[in-house]
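# Reading the structure
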Amino acid sequence: MKRAVLVVRDGLRADMITPELTPILVRLAGDARVFANHRGVFPSTTRVTSASIATGCLPARHGLEGNVVALDEGDGLIAVSAGTPDFRDRLQRATGRTLMVPTLAQRLEKHGGSIVFSNVSAGAAQFQNPDGYGYVYHRQGSYGPGRWPLSGKDPFDVTHDSAGDAAMTERFVDEILGRRRPALAVLWQCEPDHCQHARPLGSPDHRAAIAGADACAARVATAVEALKAAGDDILLIICSDHGHETVDEVIPLETLLGDAGLKAAAGSTDVVVASNGTSALIYLPDAERHRAGAVVEFLRGQVWVGDIFAGPDLAAVGHRTDTALAIAVTTRNRDTTNPYGVAGMSHAIVDPLSGESNVGCGQHGGLGRHEQQPFMMVHGGGFGRATRVDAPSSPVNIAPTVLRHLGLPHDGMDGAPLSRE
Ligand SMILES: [Zn+2]
């Protein structure tokens, strides 16, 4: 039986796969095809990447442009977190849609089905399958086909930490891989990302979180080997969604725009800042579109700014150019090291919705070298062993690769299947 298994270790940087930090991943890499030039989407955030993995498309096509986005729910545009359990319904009420292209869950509905176990945010979990074509399990609410709630009879009580990842992995291996056997099984661990937001990169707590995630990968890999020995043809993809940088300063962008006379007040709907960690999306309603030039001019004069993408330039980073999203801005980053010798420093943008940007700890969302450096390795499914690919790859290559393995069409995606030879 042909099956696919996807394991995502949230936020693990490619350069943190070392014999010392992740001995099990290093051993698995020795038996896999390693995509050494794997790069994230923009913003380099989990919810956007989840939608890109699910659809094989960039944000311009799938329609979820940030971890935080601006929605007009009747009283003008406001910044809204895409991570909350109710975001999917709010998006649908405000815009009439969820994602704009089919997910793997939809494509596999009548071809063996899909089951997602996720220990990250509820929003990131739901964007694997926002319209109820398969199963999504999450601590804040689980759904079966038809978006039927499962929580009452099928509780998913995992904690949002390493211990929760470990408990989730045990259940995934026994129940999903061993007994329910869907065409696609997804395991999305919260570590090391969860720890990286609260502790310095390379610190003892962070190294412990990486070790815990490594043990989970070993558990899955061992189970997959046993299933293959029993005759299953399993494609196993192990990856992360983005990397991290160390936050050296937090920039109050909304306040700065107000001080410059470019925004009426905190929370006003004329110029809306959606912080995505080390980047921000700036939305302008139609009536305020004329402000774009002045906002860009202001940003160009700021020492903390990295890149600015406005109007037609948004297409270069995978975004639509015909919506209220007018400008994307990244922060400046440097390759200097933190006190634990980990390279990569970036500024973060104040995020009143998540509060996840802590000076000295990790963050992501922009185009910095280390936040744009997730990892990916592929086992089985005709992929060569102990080989390395230097051609660029992206999260949008995952869905078409899964579908090709399962013998299904992968039309209408931005990504192509990964090269096996
Ligand atoms: Zn994160």
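Coordinates for the structure precede this section.
Residues numbered from 1 in each chain as written. Predicted model: local features only at pLDDT ≥ 70, side-chain atom pairs only at ≥ 80, totals over all residues. Heavy atoms only, no water.

## Let's talk about the packing of helix 7 (residues 162-180) against helix 9 (residues 204-229)
- It is the contact of helix 7 with helix 9, at a shortest axis distance of 9 Å, that shows an interaxial angle of 5°. Here helix 7 is positioned roughly parallel relative to helix 9, judged by the angle of their axes. The segment helix 7 lies against helix 9, with Ser-162, Asp-165, Ala-166, Thr-169, Glu-170, Phe-172, Val-173, Asp-174 and Leu-177 engaging Ala-209, Cys-216, Arg-219, Val-220, Ala-223, Val-224 and Leu-227.
- When its residues are assigned to classes, the contact of helix 7 with helix 9 shows 10 nonpolar, two polar and four charged. (Axes fitted to C-alpha atoms, helices over the stretch in contact; angles between N-to-C directions. Helix = DSSP H or I, 4+ residues; strand = E, 2+ residues; numbered from the N terminus. Parallel < 35°, antiparallel > 145°, perpendicular 65-115°, else oblique. Contact = heavy atoms within 4.5 Å. Nonpolar A, V, L, I, M, F, W, Y, C, P; charged D, E, K, R; others polar.)

## With respect to the packing of aromatic side chains
- This model, assessed by the stated rule, comprises eight aromatic pairs.
- Aromatic pair Phe-35 and Phe-383: ring centres 6.4 Å apart, planes at 75°, arrangement edge-to-face. Within this pair, whereas Phe-35 is found in strand 2 (residues 33-35), its partner Phe-383 is found in the loop between strand 19 (376-379) and strand 20 (387-389), the two being separated by 348 residues in sequence.
- What links up through ring pairs into an aromatic cluster is the set Phe-117, Tyr-135, Tyr-137, Phe-156 and Phe-172.
- Lying across the ring of Tyr-135, Arg-180 places its NZ or CZ 4.6 Å from the centre. (Phe/Tyr/Trp six-rings, centres within 6.5 Å; stacked < 30°, edge-to-face > 60°. Lys NZ or Arg CZ within 6 Å of the ring centre and 35° of its normal.)

## What to know about the coordination of the zinc ion
- Coordination of the zinc ion by the protein involves Asp-193 (OD), Asp-193 (OD), His-197 (NE2) and His-364 (NE2), with metal-donor separations of 2.1 to 2.5 Å.
- If you look at the zinc ion, its four donor atoms make angles of 55 to 152° with each other, and the shape they trace is irregular.
- All donors of the zinc ion come from a single chain, and their spacing in sequence reads D-x3-H-x166-H. (Donors = N, O, S within 2.8 Å, 3.2 Å for Na, K, Ca; no water. Tetrahedral: all angles 85-135°; square planar, octahedral: opposite > 155°, others 65-115°.)

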